[in-house]
Structures are given as structure tokens and as C-alpha cells.
Amino acid sequence: MQSAKLHFASALLAHGWQRDVTVTCAGNGMITAVAGGREGDAQHVPGIAIPAMPNIHSHAHQRFMLGLAERAGPGADSFWTWREAMYGFALKLSPEDLEAVAAQLYVEMLKAGFAAVGEFQYLHHQPDGTPYEDPPRMRLRCLAAAGRAGIATTILPTLYADGGFGGQPPQPGQRRFINGVDSFLKIFARLSEESKGHPLRRVGISPHSLRAVTPDLLREVVAPLPGETPIHIHLAEQVKEVEDCLAHSGLRPVELLLQEFDVSARWTAIHATHMTKAETQALAISGAAAGLCPTTEANLGDGIFPAVDFTKAGGAIAIGSDSHITVSPAEDLRMLEYSQRLQHRTRNALAAGPGQSTGRTLYEKALSGGARSLCQNMGAIAPGRRCDIAVLDAGNPLLAGREGDAALDTWIFSGGNALVKDVFVAGRHLVKDRRHIHEDEIARDFRAALRRLDT
Ligand code: ZN
């Protein structure tokens with residue numbers, strides 16, 4: 001972090017677009033002033049400034065299997081056959097490999113316009129299932145990777161206890177994931193200690209799913225936590241998961257969660273794909289965010305989230321890149337909107353109202369929902385928020401003559417990552433003219449890890 005004064009020809013502020021803006025960032029990385037005009041010592045940054053996006057859902061280790069699960073299997077392929085393949089890859093990763101893979105991934109996130117990541121990390125133990133001497137080791141490697149890349153992080157250690165609903169024994173492929181209440185709370189305490197006072201770090205928890213954690217176990221874990229601790233949980237991603245939950249409890253996963261817990265704004269329901277109309281209303285009203293990962297959900301054949309009904313009911317949404325099949329806020333928001341157009345055979349399905357920009361509506365919803373989901377003080381270029389800013393390349397031919405909502409819509413629907421030119425996190429200029437300041441050394445370590453892992 002460093003103090004800085006940044007001048008932009010155009011910026012998306014909390015109250016809308018403004019031309020000719022100086023943003024003042026204090027030495028602690030927080031914005032202290034946003035004013036019209038260029039102050040004398042301000043650094044002019046060419047381009048269009050927008051708040052950088054929170055990426056609320058990441059399994060960093062899945063980044064290295066991209067492209068290796070796109071070949072048809074002997075039978076019908078599904079989320080469940082993909083999961084078996086993923087377990088095989090997950091068993092290979094050493095702590096050093098995880099750090100190398102995560103650092104590369106976080107550089108790619110920053111270059112795409114993300115400034116923070118929610119790392120939902122469930123690799124705890126050694127490949128044979130024995131805990132490391134230092135049990136939080138894999139999560140500490142993720143934090144080290146985040147430190148190298150400079151991205152803000154909400155680390156969400158995963159509670160994973162069972163192989164299926166009702167406390168079924170874990171499968172052999174899940175042996176690196178499993179913890180009891182005591183060992184899990186020790187990991188949480190250690191990560192909290194490591195993150196105390198750190199301006200870029202927060203700690204939450206991620207009960208993996210109601211398949212992997214019973215409500216009773218989850219209550220035991222949640223009870224001693226500070227009240228603001230973020231809780232992220234996979235929910236209703238697959239039809240089979242809904243059927244299994246119904247068979248076990250008589251309720252669907254979202255119904256079961258809402259019945260068993262006082263679900264509120266500290267909760268993020270990851271996916272929440274398969275909901276009835278009543279569940280959609282109830283989840284929206286609860287205050288929980290829906291953590292949507294549209295390109296991963298498409299890649300895995302999950303289904304379509306009821307975004308039109310959920311947002312109409314006032315539900316908060318946030319986006320994540322999950323398996324990282326795509327790392328791009330623009331592409332995930334585009335996929336979210338397109339899924340609704342295909343479903344409802346309409347256009348501009350998620351725009352706030354007549355005359356409103358679809359890209360702007362989605363972007364601002366994902367900023368506010370994401371910042372709250374990660375408990376990170378970001379998501380707006382405004383005094384009191386952290387200085388997390390992405391800058392779109394106004395010199396790109398696609399943006400010639402475009403500004404305001406038209407520029408944002410062009411980026412989201414047609415531009416993608418190539419239009420992200422600069423990124424600041426806590427005022428630190430990490431991506432300069434499309435290059436991350438440490439990208440060569442981080443890519444070198446990633447390549448070495450990939451070669452080891454692919455053999
Ligand atoms: Zn996930």
C-alpha cells in the first residue's frame with residue numbers, strides 16, 4: 001500500500017459517471033477524497049476507472065486441471081464424473097505446487113479486473129490423508145500466493161466431514177479434505193491470528209455443502225465464531241443433490257438451510273441453482289448473497305440460476321470464477337445475462353428498468369454483493385473504501401467514442417480481459433498496461449509446477 005493521487009478522465013463513482021476526477025489514497029490504502037479536476041501532483045492514468053470486482057468463489061487448486069477434463073468419457077459425462085477426475089488431480093498437489101498455481105491464478109484475476117478473492121479451500125491434509133505437522137499449511141500457502149500477487153483475500157477454510165447426506169463416511173478420494181470440529185476450529189484460529197490487523201485479509205468459513213456437513217455439526221462450528229464471520233456454502237448445485245437431500249430430510253437443500261439456521265447477510269449460498277419459486281423468494285429475503293459462477297456452472301452442466309426472480313425479490317448477487325475455467329468478471333456477468341435470455345427468450349433480462357444499462361446493473365450488483373460476501377471494504381470509488389480500481393483501455397478501438405454505460409456494456413458484452421489495462425489494489429499499481437508487476441517470476445514457478453504435475 002502506498003499513498004497516491006490518481007487522476008482519471010472518467011470514473012464510475014458511487015453516484016454515477018463523472019469526468020475529470022482525482023482520487024486521493026492514503027498510505028493505508030484507503031480512499032480519503034474523490035474530487036473533480038486534476039490536482040497538481042496527481043498521476044494521470046489514461047482510461048476509464050471503475051471499481052475493481054470481488055471474486056467471491058475460488059478453488060485455486062482446480063486451475064491446473066483446465067483443459068484436461070474436456071474429453072468424453074466411456075459413459076455419460078456429468079458433474080459427478082468431473083468430480084472424480086478433479087479428486088485425482090487434487091491428490092497430486094504439494095503445498096509448493098498449490099502456492100505456485102494459486103499465485104499464477106491470482107495474477108490472472110488481477111489482470112482481469114478482480115481485486116479480491118474468496119478462497120474456498122478444502123485441501124487440508126497430505127495426499128495420504130495424514131494431517132500436516134502444521135495443519136493450516138495449505139491455506140497459508142494460499143495466503144503466501146495472495147501476498148506475492150498483491151490480491152486481497154478472504155480465506156475460507158472448508159469444513160468437510162462426510163461423504164454424503166446424513167453423515168455418510170467419506171470416500172477415499174476425499175481423504176485430504178476431512179476435519180472434525182476441534183481440528184477445524186484450530187485451523188480457523190490460526191488463520192485469524194495470521195490475518196489480524198492485515199488490511200487485505202479477512203477470515204471466514206466454508207462448510208462445503210449440506211452433503212458434507214450435517215446441520216448439527218455446522219451449528220457446533222458456527223457457535224463460537226465472531227458474529228460477522230462470513231459463511232460460504234455450496235447449495236443446490238445439482239439435481240441429484242436436491243433429490244438426495246429430499247430423500248434424507250424431506251426438504252430441499254435451500255429449505256433445509258433456511259429451516260436450520262438464522263440465515264442472514266453473513267451467508268453466501270454458492271450456486272443455489274435449483275430452487276423452487278418459494279425458495280427463491282425466501283433466500284432473497286433472508287439477506288444471503290447468491291454466489292454465482294456462471295461460466296463454471298455452464299462448464300459443469302449445473303443448470304440455470306433463477307436470476308430474474310431472485311433479483312426482483314431483492315436478492316443480492318455476487319460472482320466467482322470457481323473452477324477458473326474462465327477468469328473474467330466481464331465473461332461471467334455476460335454468461336449470467338445470456339443464461340436468462342436463453343431461459344426466458346428475451347433481451348436485457350437483468351437490467352434495472354427501462355432505459356437502464358444491463359452491464360451497469362449487473363456490475364454494480366456484483367460489486368456490492370461481492371464486497372459484503374467477502375467482508376472486504378471495497379466495491380466503490382468513494383472516501384472510506386479501499387482504493388481498488390480497474391482501468392479500461394479507452395485507446396482500444398472497441399471503445400472509440402464510447403464512454404459511461406456504453407463503454408461498460410462494450411467491455412462486458414464484447415471486450416473481455418483485453419480491455420483491462422491497469423489495476424490498483426489498496427492504491428498499489430499492480431497491473432500496469434496489461435502486465436502484472438511480478439508476472440514473469442510467478443509464471444516461471446507456475447510452469448515448473450505444471451510440468452511436475454502433468455508427469
Ligand atoms: Zn465451488
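Residues numbered from 1 in each chain as written. Predicted model: local features only at pLDDT ≥ 70, side-chain atom pairs only at ≥ 80, totals over all residues. Heavy atoms only, no water.

(A) Broad picture of the overall build of the chain. On a plain count of helices and strands, the chain comes out with 14 helices and 18 strands. Its C-alpha atoms give the chain principal-axis dimensions of about 65 × 50 × 45 Å. Here the chain holds 455 residues, and the buried ones make up 59% of them. Taken as two groups, the 45 positive and 49 negative side-chain charges of the chain have centres that lie 4 Å from each other. (Helix = DSSP H or I, 4+ residues; strand = E, 2+ residues; numbered from the N terminus. Buried < 20%, exposed > 50% of the residue type's maximum accessible area, 1.4 Å probe, protein only. Lys, Arg positive; Asp, Glu negative; His and termini not counted. Charge placed at Lys NZ, Arg CZ, Asp CG, Glu CD.)

(B) Layout of helix 13 (residues 404–415). Residues of helix 13 that are buried: Gly 404, Ala 407, Leu 408, Thr 410, Trp 411, Ile 412, Phe 413 and Gly 415. At the exit of helix 13 stands Gly 416, carrying a positive phi of roughly 70 degrees.

(C) Here's a closer look at the coordination of the zinc ion. At 2.1 to 2.2 Å from the zinc ion lie its protein donor atoms, namely His 57 (NE2), His 59 (NE2) and His 234 (NE2). Donor residues binding the zinc ion come from one chain and are separated in sequence as H-x1-H-x174-H. Of this pair, His 59 sits in the loop between strand 6 (53–58) and helix 1 (79–90) while His 234 is found in strand 11 (residues 231–235), placing the two residues 175 residues apart along the sequence. Across the pair, exposure class does not vary: His 59 and His 234 are buried alike. (Donors = N, O, S within 2.8 Å, 3.2 Å for Na, K, Ca; no water.)

(D) Quick peek at the sheet that holds strand 12 (residues 267–271). Here we have 4 strands laid out as an open sheet, ordered 11-12-13-14, and parallel in their pairing. The sheet terminates laterally at strand 11 and strand 14 (316–319), the two strands that pair on one side only. Looking at each pair of strands side by side, their axes are set apart by 30 degrees on average, direction ignored. As defined by bridge partners, strand 13 (residues 289–292) adjoins strand 14 across 4 bridges and the pair is classed as parallel. Residue Leu 292 lies in a different strand from strand 14, and its bridge partner there is Ile 319. (Pairing = 2+ DSSP bridges. Axes fitted to C-alpha atoms, helices over the stretch in contact; angles between N-to-C directions.)

(E) Examining the layout of surface pockets more closely. A volume near 260 Å³ is recorded for the largest pocket. Surrounding the largest pocket, 14 residues form its lining, Ser 192, Arg 202, Val 203, Pro 226 and Glu 228 being those nearest its centre. Put simply, the parts of the chain that give the lining of the largest pocket at least two residues each are helix 4 (181–195) and strand 9 (201–203). Looking at the lining of the largest pocket residue by residue, the class counts come to 5 nonpolar, 5 polar and 4 charged. There is about 190 Å³ of room inside the second largest pocket. With 4 residues, the single largest contributor to the lining of the second largest pocket is helix 1. Class assignment of the residues belonging to the lining of the second largest pocket gives a composition of 7 nonpolar, 3 polar and 3 charged. (1 Å grid on protein atoms, 1.4 Å probe; cavity = no way out; pocket = protein on both sides within 12 Å on 5 of 7 lines; lining within 4 Å. Points joined across faces, edges and corners; volume = space filled by probe spheres on them. Nonpolar A, V, L, I, M, F, W, Y, C, P; charged D, E, K, R; others polar.)

(F) Broad picture of the environment of Leu 13. Among the secondary structure elements, Leu 13 is positioned in strand 1 (residues 4–13). Considered as a pair, Leu 13 and Ile 381 are 368 residues apart in the sequence and their alpha carbons are 5.3 Å apart. Excluding residues that lie within four positions of it along the chain, Leu 13 makes contacts with Gln 18, Val 21, Val 34 and Ile 381. (Contact = heavy atoms within 4.5 Å.)

(G) Highlighting the side chain of His 232. Looking at the element boundaries, His 232 is found in strand 11. Within the local environment of His 232, its side chain forms a polar contact with the backbone oxygen of Ser 373, the two atoms lying 3.0 Å apart. Dropping the residues within four chain positions of it, His 232 is found in contact with Ile 56, Phe 120, Leu 156, Ile 205, Ser 206, Pro 207, Thr 268, Ile 270, Ser 373 and Leu 374. (Polar contact = N/O pair within 3.5 Å; in protein donor to acceptor, adjacent residues only side chain to side chain.)

(H) Up close: the packing of helix 7 (residues 253–260) against helix 8 (residues 277–286). Their axes nearest at 10 Å, the elements helix 7 and helix 8 cross at an angle of 40 degrees. Considered as vectors, helix 7 and helix 8 are oriented oblique to each other. Note that helix 7 runs across helix 8; the crossing there is left-handed. In contact with Val 254, Glu 255 and Leu 258 of helix 7, helix 8 contributes Glu 279, Ala 282, Leu 283 and Ser 286. (Parallel < 35°, antiparallel > 145°, perpendicular 65-115°, else oblique. Left-handed = near helix turned anticlockwise from the far one by under 90°.)

(I) The nonpolar core, seen in detail. Of all hydrophobic cores here, the largest spans 126 residues; its most connected members are Tyr 106, Trp 267, Tyr 363 and Trp 411. Broken down by element, this core gets its largest block of residues, 10 residues, from helix 2 (residues 95–112). Non-local contacts of Tyr 106, meaning those with residues more than four positions away in its chain, are made with Ser 58, Ala 60, Val 117, Glu 119, Cys 142, Ala 145, Ala 146, Ala 149 and Ile 151. Counting residues in hydrophobic clusters, the runner-up holds 16 residues, among them Ala 11, Ile 31, Ile 381 and Phe 424. (Core = buried A, V, L, I, M, F, W, Y, C linked by side-chain atoms within 4.5 Å.)

(J) Examining the pairing of strand 1 more closely. Within strand 1, 8 of the 10 residues are buried, leaving the element largely enclosed by the surrounding structure. Where strand 1 lies against strand 2 (residues 16–25), 9 bridges are found, and the strand directions are antiparallel. Directly across from Ala 11, in strand 2, lies its bridge partner Gln 18. Hairpin remark: strand 1 followed by strand 2, antiparallel, with 2 residues in the connecting loop. Where strand 1 meets strand 4 (residues 43–44), 2 bridges bridge the pair, whose relative direction is parallel. Across the sheet, residue Leu 6 finds its bridge partner in strand 4, namely Gln 43.

(K) Region of interest: the side chain of Ser 206. Here Ser 206 shows up in strand 10 (residues 206–207). What makes Ser 206 buried here is its relative accessible area of 0%. In this structure Ser 206 touches Phe 120, Leu 156, Pro 157, Thr 158, Leu 159 and His 232, once residues within four positions along its chain are discounted.

(L) Quick look at empty space enclosed by the protein. Inspection of the entire model under this criterion finds 2 cavities of 30 Å³ or more. Of the volumes computed, that of the largest cavity is approximately 170 Å³. Taken together, 19 residues form the lining of the largest cavity, with Phe 79, Trp 82, Met 86, Tyr 122 and His 208 sitting closest to its centre. If one sorts the elements of the lining of the largest cavity by residue count, helix 1 sits on top with 5 residues. Each residue belonging to the lining of the largest cavity can be placed in one class, and the counts come to 8 nonpolar, 7 polar and 4 charged. Within this model, the second largest cavity holds a volume of roughly 60 Å³.

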